[in-house]
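Survey of secondary and tertiary structure
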Amino acid sequence: DTGVSQDPRHKITKRGQNVTFRCDPISEHNRLYWYRQTLGQGPEFLTYFQNEAQLEKSRLLSDRFSAERPKGSFSTLEIQRTEQGDSAMYLCASSSVARNTEAFFGQGTRLTVV
Amino acid sequence: AQKVTQAQTEISVVEKEDVTLDCVYETRDTTYYLFWYKQPPSGELVFLIRRNSFDEQNEISGRYSWNFQKSTSSFNFTITASQVVDSAVYFCALSEAPGKLIFGQGTELSVKP
């Protein structure tokens, strides 16, 4: 396994622009999660997928946020009309239901909205 | 409500000292999992341990040990003979539903040579 991969690692964008992040989970992991972490805080759950189905969304995920996992493999998280408050680290994790594994995290995408 | 509290925001120790990181949790469920993750400066969360609510046995892994006490809703983490490489932010987390980890605010551990 090569681990959970996230791209890009860093993104600086102007307020009002749209951004999209990608997450490639560990192969054969059928669950994929997105978290957001602001400075000095623990990660906060945003949403998760089992295969291609999005099973839960946090109230933190406003209408400007959308996540997809079209083929049950990689996932994208899009933020539309970014705001300065969106500046954070966006973490992706994956796990296997069959093997009852814990969640393995990627290195995150650090978003800065200027 | 589910909640994880790590009251220690920052801890600083000198190398070779033992250090305990506290974690207190709240949940109404009888079945749940508790976790510890390490976050070094690189940012990636590294899994350390998972315990389920039915297993209160303490666990030791090298210099790391964990004390799970349901009576006090605590899941504390001890590093024995700390090393500079242990410097990181440590998170305790609770999981009641698949994938939905609830993290504490983290404890930043600084181990000085």
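Residues numbered from 1 in each chain as written. Chains lettered and ligands numbered in written order. Predicted model: local features only at pLDDT ≥ 70, side-chain atom pairs only at ≥ 80, totals over all residues. Heavy atoms only, no water.

**With respect to the overall build of chain A**
Which entries qualify depends on this criterion: Put simply, DSSP H or I for four residues or longer makes a helix, DSSP E for two residues or longer makes a strand, and each gets a number counted from the N terminus. Radius of gyration means the value over C-alpha atoms here, while the globule rule gives 2.2 Å times the residue count to the 0.38 power. Think of it in three bands: with a 1.4 Å probe and only protein chains considered, a residue is buried below 20% of the maximum accessible area for its type, exposed above 50%, and partly exposed in between.
Scanning chain A from terminus to terminus reveals 0 helices and 11 strands. At 13 Å, chain A has a C-alpha radius of gyration in line with the 13 Å of a compact globule built from 114 residues. On the principal axes, the C-alpha backbone points of chain A span a range of 40 × 25 × 20 Å. Within the span of chain A, comprising 114 residues, buried residues form 47% of the whole.

**Details of the side chain of B:Gln8**
The test is simple: Any pair of residues with heavy atoms lying within 4.5 Å of one another is described as a contacting pair.
Its place among the elements puts B:Gln8 in the loop between strand E1 (3-5) and strand E2 (10-14). When sequence neighbours within four positions are dropped, the list of residues in contact with B:Gln8 reads B:Thr20, B:Leu21, B:Asp22, B:Gly106 and B:Thr107.

**Comments concerning the interface of chain B and chain A**
We apply this condition: As a working definition, buried area equals the accessible area (1.4 Å probe) given up by two parts on being put together, with both sides summed. Here, a salt bridge means any Lys or Arg side-chain nitrogen found within 4 Å of an Asp or Glu carboxyl oxygen.
Each partner contributes to the interface: chain B provides 18 residues, whereas chain A provides 20 residues. Both sides of the chain B and chain A interface together cover about 1600 Å² of buried area, and 50% of this is carbon and sulfur. Counting the contacts that link chain B with chain A gives 1 salt bridge. Put simply, A:Glu56 and B:Lys100 hold a salt bridge, and the shortest N to O gap is 3.2 Å.

**Observations regarding the pairing of strand E3 (residues 19-24) of chain A**
Residue and element names in this part refer to chain A. Worth spelling out the cut-off: One requirement defines pairing of two strands: DSSP has to find at least two bridges between them.
A one-sided burial pattern is seen for E3, the buried positions being Val19, Phe21 and Cys23 and the unburied ones Thr20, Arg22 and Asp24. Sheet topology places strand E1 (residues 5-7) next to E3; 3 bridges connect them, and they run antiparallel. Counterpart to Ser5 in the pairing with E3 is Asp24.

**Section: unusual backbone geometry**
The step from A:Asp7 to A:Pro8 runs through a cis peptide bond, and the omega angle for that step is -5°. Positive phi, normally seen in glycine, also occurs at A:Glu28, with a value near 75°. Mapped onto the fold, A:Glu28 is located in the loop between E3 and strand E4 (31-37). In this structure, B:Lys16 is a non-glycine residue whose phi angle is positive, near 85°. Summarising the element assignment, B:Lys16 is placed in the loop between E2 and strand E3 (19-21). For B:Lys16, a relative accessible area of 69% corresponds to the exposed category.

**Things to note about the nonpolar core**
Note the threshold: The nonpolar core is taken to be a set of buried Ala, Val, Leu, Ile, Met, Phe, Trp, Tyr and Cys residues, with the residues joined through side-chain atoms within 4.5 Å.
Ranked by internal contacts, the top residues of the largest apolar core, which has 25 residues, are B:Trp36, B:Trp66, B:Phe75, B:Phe77, B:Tyr90 and B:Leu109. Counting only elements with at least two residues in this core, the list comes to E2, E3, strand E5 (33-39), strand E6 (46-52), strand E8 (64-69), strand E9 (74-79), strand E10 (88-95) and strand E12 (107-112) of chain B. It is E10(B) that contributes the most residues to this core, 4 residues altogether. Core analysis: the second largest hydrophobic core is formed by 19 residues, A:Phe21, A:Leu61, A:Ala67 and A:Ile79 among them.

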